[in-house]
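# Remarks on the overall topology
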Amino acid sequence: MTSYLFTRVRQSFITLVLVSMVVFAGIRALPGDPALALAGEERSPEALAAVRESYGLNDNIVVQYGRFIGHAITGDLGTSSRTGLPVSDAITAALPITLELAALSLLLAVTVGIGAGIVAAVRRGKPEEWLANALALLGLSIPTFWLGMVLVLAFAIAVPVFSASGYVPFGTDPIDNLRRMVLPAIVLGSGLAAVVMRQTRAAMLDSLSADYVRTARAKGLSRREIIGGHALRNSLVTVVTVLGLQLGHLISGAVVTEQIFVLPGFGKLTIDAVFTRDYATLQGVVLCTSAAYILINLLVDVAYSVIDPRIRLGGAR
């Protein structure tokens, strides 16, 4: 187990270093002069020269990258040219909102997707499977922005059960927080629930037809033990893979949902940075998103080893 974890952590660290290089080079390749954005309205040659000297823009790219990594390790991601505040503070304020939205969406997707997938596999060829497949197809087909507007019209305007915009921290008012986060979570989690349902159904059908399930039936195990203890556990490797990949998409794909429901999260921060050419904020946002992807994939690898020991032993070699 230790060897397996060490190998995965080492690979993740190397990937993170390579990603940081790509992010740094990509931001520098964007059109426009960063000094113009940092100088604001003071566009005189003297002001531009002072900005370049102050931010080290006159140094070669290797020196700039080394300075960027050194500061990033200490949590210093630069200063926003739009607000004048540290980028790390803006990310710290926006990220918990997106993480809460992603967690609620993931909870919805896991509960509905895995449950519907099990039912569709166990009741194959029955009305329950047709209904689950129809709902999954619907969830995959409906655009996020359209579903968001429909839910707002139905449950925030016509029947004002939930709030359509804004954010209240959970610690301040848990009830109001959930009233504002339920609709965005449904919008963001519906597509993922459909994907999880389809993958769970396919994996469960393979497991239910495997030899070890027939052996379990021959031993006289109950239906619940066969489905929960044998078929489902061996199907979870596929499901965990999908969840790991989609969780990264939830964090980065919350841009549209946060715009619809006016949530001051990671997505809105990214959009604002793009439109105002706030290079420091954009660089910090992309780096944090990439690090989240790498961390999620590492956690998925660890989950593999817990679900199926054969993966742990094979990876250690």
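Before any of the text, the structure's been laid out above.
Below you will find a few notes about this structure.

Analysis parameters
Residues numbered from 1 in each chain as written. Predicted model: local features only at pLDDT ≥ 70, side-chain atom pairs only at ≥ 80, totals over all residues. Heavy atoms only, no water. Helix = DSSP H or I, 4+ residues; strand = E, 2+ residues; numbered from the N terminus. Buried < 20%, exposed > 50% of the residue type's maximum accessible area, 1.4 Å probe, protein only. Contact = heavy atoms within 4.5 Å. Phe/Tyr/Trp six-rings, centres within 6.5 Å; stacked < 30°, edge-to-face > 60°. Core = buried A, V, L, I, M, F, W, Y, C linked by side-chain atoms within 4.5 Å. Axes fitted to C-alpha atoms, helices over the stretch in contact; angles between N-to-C directions. Parallel < 35°, antiparallel > 145°, perpendicular 65-115°, else oblique. Left-handed = near helix turned anticlockwise from the far one by under 90°. Nonpolar A, V, L, I, M, F, W, Y, C, P; charged D, E, K, R; others polar.

Let's shift gears to the overall build of the protein chain. If you tally the helices and strands in the protein chain, you get 14 helices and zero strands. Its helices and strands taken in sequence order, the protein chain reads α-α-α-α-α-α-α-α-α-α-α-α-α-α from the N to the C terminus. Counting only residues that meet the buried cut, the protein chain has 37% of its 317 residues in that class. Here the analysis covers contacts within the protein chain between residues at least 6 apart in sequence; of these, 73% occur between residues at least 24 apart.

It is worth spelling out the packing of aromatic side chains at this point. Scanning the entire structure with this criterion turns up two aromatic pairs. A centroid spacing of 5.6 Å and a plane angle of 70 degrees characterise the contact between phenylalanine 24 and tyrosine 65, whose relative ring orientation is edge-to-face. Taken as a pair, phenylalanine 24 in helix 1 (residues 2–28) and tyrosine 65 in helix 4 (residues 61–73) lie far apart in primary sequence, 41 residues in all. These aromatic residues form a ring-pair network of at least three members: Phe24, Tyr65 and Phe68.

A word on unusual backbone geometry. The phi angle at valine 262 is positive, at roughly 55 degrees, despite the residue not being glycine. Residue placement: valine 262 occurs in the loop between helix 11 (254–260) and helix 12 (266–275).

With that settled, consider the nonpolar core. If you look at the biggest cluster of nonpolar residues, it comprises 31 residues, and the most contacted ones within it are Leu101, Ile114, Ile118, Val196, Met204, Phe261 and Leu263. Those elements that place two or more of their residues in this core are helix 5 (87–122), helix 7 (144–158), helix 8 (174–208) and helix 10 (223–252). Broken down by element, this core gets its largest block of residues, 11 residues, from helix 8. Not counting residues within four places of it along the chain, the set of residues in contact with isoleucine 114 comprises Ala109, Val196, Thr200, Leu232 and Val239. Formed by 12 residues, the second largest nonpolar core is a distinct cluster that contains Tyr65, Ala94, Leu269 and Ala280.

Looking now at the packing of helix 1 against helix 4. In contact at an axis separation of 11 Å, helix 1 and helix 4 are set at 120 degrees when each is read in the N-to-C sense. Taken together, the axes of helix 1 and helix 4 are oblique relative to one another. Helix 4 is crossed by helix 1, and the crossing has right-handed handedness. Facing Val17, Ser20, Met21, Phe24 and Arg28 of helix 1, the residues of helix 4 in contact are Ile61, Gln64, Tyr65, Phe68 and Ile69. A class-by-class count of the residues in the contact of helix 1 with helix 4 yields seven nonpolar, two polar and one charged.

Turning to the packing of helix 6 (residues 127–141) against helix 8, a few remarks are in order. One can describe the packing of helix 6 onto helix 8 by two numbers: an axis separation of 8 Å at closest approach and a directional angle of 140 degrees. Taken as axis vectors, helix 6 and helix 8 run oblique relative to one another. For the pair helix 6 and helix 8, the sense of crossing is left-handed. Counting all contacts with helix 6, which are made through Glu129, Ala132, Asn133, Ala136, Gly139 and Leu140, the residues of helix 8 involved are Ser190, Gly191, Ala194, Val195, Met197, Arg198 and Arg201. Here the residues of the contact of helix 6 with helix 8 sort into six nonpolar, four polar and three charged.

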